[in-house]
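Descriptive analysis of the structure
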Amino acid sequence: MLASLAHTLRRNAHRPAVLDTTRTGAVRTAATCGELADLADTCAAALHARGVERGGTVAVAVRPGPRALAVMLAVHRLGLRAAVLDPGAGPDVLRARLALARPDVVLADAAAQAVAGWARPLARRARLALPDLSGLGPVATVGPRLPGCAPSLEGSARAAVLPPPVDGDGDAVIVFTSGTTSRPRAVVHSRSGLDAGMAQVAGLVRPAAGEPVLGGTFFVLVPSLASGAPVALPARSPRVLARQLRRLRPQAAYLTPPQLRAALAAGAGFTGRVWTGSAPASADLLTRVKAAGADEAWGVYALTELFPAAAVEQAEKAAFTGDGDLVGEPLPGVGMKSGPAGELMLSGPAARHRYLGEEPDPWVRTGDRARPDGGRIVLEGRCKDMVLRGAENIYPGLYEPALHVPGVELALLVGVPVGDGDERLVAVVQPAPGADRARVRAALAGPLARMGTARPDALLLADVPLAGRSRKPDRAAAARLAAARLGAPGRTR
């Protein structure tokens, strides 16, 4: 699909490719198809001129947008692999990760270099931090330079010849996941696996040519543009995002659950099909999205190792009355089986090729406990999130969906240590904006009573801490919050 995208961009050179928005929500063109193709060719020629050869590694610290996409297209054309840098990981972790990847060059925009340099104190307040990029490898600036920035990448392309596209398979991208500073872990996707994942997205979303799609991830941009649909980058401000949705009226939108919740709180309306993933999406959230105008509201189950794996529409999810979280049927080509302790294991053409430094394995260990339900996947919680209370093993994922009653934004069940290896089970529930707390407590009484021996020892109404790029609920931070707020056993707030 990446190879065909280059031809699609050239054929539709004058059409809008990437859209952004003003503070009033007005839509404007950030790059036409031809401009995006030119950017990609310039990046490819510059990297070739620098001597980065097929199989080489390019570290990428560029904000989402036309230039970031152009870099990925150039990397694919040359048969290189991209190692994506996450400014939220912390400098020590990033140094350890890139020591494993050993990049030939680091491509960074001026903002990333500012985060690693003069703007470090300001960036730290936003929990962003990068190490000195020059210590990771040769640095080149993508886009406009500021004082103190590395030399421009584009400058290397002035006398360079654009090489022919590389054909065949090989490593395409490295995405760092878990691990420690001493033993970082990275997912390696092959070119064929990446292409299979994007084809899966195209088949799922079915973007129509000429109609805008809203979303900022690589897996949204490429399939949409390859289908002839322009892509709008979501506004960061919820209020501006609400205006953007009203002006744009996209045929499809991909937003994370935190983005959806913020947009709904800002009064956003939706059109077409709305997709969400990267973090758990409750039936209540999908129902609210449809009530706000969406024709369909879908939850996507995906992993860094396999994107996408399964999907479920709001009506099916809302009709599910069993324990656990229904995430839908595996998508075509995705195989599943049960591993040790009921862990869900998946395989398929879009699965990662291997972990960096390890041998290939066709099966992906998801870390989720799950059970089959008529060919569908029902998650029962993270294997590592088990709470031990007395002699009882409690898996929060079995019961958390039942806590998402009307008026509840987020809900977690966490274990708080009480000594001798035992834990208290606490429900940390975040009411929706404007919800009456007394009514929320009353609505929760029924679901809590039906939990039987897994009924929580305490209920805490508070904002659920979030973490990571996708702003997932942070269980460890929620447990610390519960311990600090509740204090002695028996208290409820």
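Everything below is about the structure shown above.
Heads up: these notes are all about the structure in this document.

About the thresholds
Residues numbered from 1 in each chain as written. Predicted model: local features only at pLDDT ≥ 70, side-chain atom pairs only at ≥ 80, totals over all residues. Heavy atoms only, no water. Helix = DSSP H or I, 4+ residues; strand = E, 2+ residues; numbered from the N terminus. Rg over C-alpha atoms; globule rule 2.2 N^0.38 Å. Buried < 20%, exposed > 50% of the residue type's maximum accessible area, 1.4 Å probe, protein only. Contact = heavy atoms within 4.5 Å. Areas by Shrake-Rupley, 256 points an atom, 1.4 Å probe, with all protein chains shown as cover. Pairing = 2+ DSSP bridges. Phe/Tyr/Trp six-rings, centres within 6.5 Å; stacked < 30°, edge-to-face > 60°. Lys NZ or Arg CZ within 6 Å of the ring centre and 35° of its normal. Salt bridge = Lys/Arg side-chain N within 4 Å of Asp/Glu carboxyl O. Core = buried A, V, L, I, M, F, W, Y, C linked by side-chain atoms within 4.5 Å.

This part takes up the overall build of the protein. Each helix and strand in the protein was counted, giving 14 helices and 27 strands. Its C-alpha atoms give the protein a radius of gyration of 23 Å, near enough to 23 Å, the size a compact globule of 493 residues would have. If one aligns the C-alpha atoms of the protein with their principal axes, the spans along those axes are about 75 × 50 × 45 Å. For the protein, the proportion of its 493 residues judged to be buried stands at 54%. Within the protein, contacts between residues separated by at least 24 positions form 59% of all contacts whose residues are at least 6 apart in sequence. Carbon and sulfur atoms make up 52% of the accessible area of the protein, which amounts to about 21,500 Å² in all.

With that settled, the discussion passes to helix 9 (residues 238-248). Listing the buried residues of helix 9 in full gives Val240, Leu241, Ala242, Gln244, Leu245 and Leu248. Looking one or two residues past helix 9, arginine 249 carries a phi angle of roughly 50°, positive in sign.

Pairing of strand 16 (residues 335-338) with strand 17 (residues 343-347) involves four bridges; the strand directions are antiparallel. When the sheet's bridge partners are listed, methionine 336 is paired in strand 17 with leucine 346. Taken together, strand 16 and the strand that follows it, strand 17, pair antiparallel across an intervening segment of four residues, in which alanine 341 is found at a positive phi of about 60°.

Right, let's talk about the packing of aromatic side chains for a bit. The geometry of an aromatic ring pair is captured by two quantities: the separation of the ring centres and the angle between the planes. Under the definition given, this model contains three aromatic pairs. When the centroid spacing of 6.4 Å and the interplanar angle of 85° are considered together, the rings of phenylalanine 218 and phenylalanine 219 count as edge-to-face. One exposure class covers both phenylalanine 218 and phenylalanine 219, and it is buried. Every member of this aromatic cluster is reached through a ring pair, and the members are Phe218, Phe219 and Phe307. Its end group placed over the ring of tryptophan 363, lysine 337 keeps NZ or CZ at 4.5 Å from the ring centre.

Inspection of the entire model under this criterion finds 19 salt bridges. Note that arginine 288 and glutamate 409 form a salt bridge whose closest N and O atoms lie 2.9 Å from each other. Taken together, the residues span a long stretch of sequence, with arginine 288 in helix 11 (residues 283-291) and glutamate 409 in strand 23 (residues 408-419) at a distance of 121 residues. Salt bridges sharing partners connect three or more residues here, namely Arg10, Asp38 and Asp41.

Take the nonpolar core next. The biggest cluster of nonpolar side chains holds 75 residues, and the ones touching the most others in it are Leu47, Val58, Leu107, Tyr301 and Leu346. Setting aside its immediate chain neighbours within four residues, leucine 107 contacts Leu47, Val58, Ala59, Val60, Ala61, Val62, Val71, Ala140, Val142 and Leu153. Judged by nonpolar contacts, the second largest core, of 23 residues, contains Val240, Ala253, Ala263 and Leu285.

Okay, the side chain of serine 282 next. Relative to the assigned elements, serine 282 resides in the loop between strand 12 (273-276) and helix 11. A relative accessible area of 16% places serine 282 in the buried class. Setting aside residues no more than four positions away along its own chain, serine 282 makes contact with Lys317 and His404.

Looking now at the pairing of strand 20 (residues 376-382). With six of seven residues buried, strand 20 lies mostly within the body of the structure. Note that strand 15 (residues 325-330) and strand 20 share three bridges and pair antiparallel. Note on strand 20: the bridge partner recorded for leucine 326 is valine 378. Pairing between strand 19 (residues 364-373) and strand 20: six bridges, direction antiparallel. By the bridge assignment for strand 20, aspartate 368 is matched with arginine 382. If you look at the hairpin formed by strand 19 and strand 20, you'll find two residues sitting between the two strands, and glycine 374 has a positive phi there, around 60°.

Within helix 10 (residues 257-265), the full set of buried residues consists of Pro257, Pro258, Leu260, Arg261, Ala263 and Leu264. Just beyond helix 10, the residue with positive phi is glycine 267, at close to 85°.

Right, let's get into unusual backbone geometry. Following phenylalanine 307, the chain continues into proline 308 via a peptide bond in cis, with omega recorded as -15°. Note on placement: proline 308 falls in strand 14 (residues 306-313). Positive phi outside glycine occurs at arginine 206, with the angle close to 55°. Mapped onto the secondary structure, arginine 206 falls in the loop between helix 7 (191-205) and strand 9 (213-214). Note on arginine 206: relative accessible area 48%, which makes it partly exposed.

Turning our attention to the environment of arginine 441. Positionally, arginine 441 belongs in helix 13 (residues 437-449). With a relative accessible area of 30%, arginine 441 lands in the partly exposed category. As for arginine 441 and leucine 460, which are separated by 19 residues in sequence, their C-alpha atoms are 9.9 Å apart.

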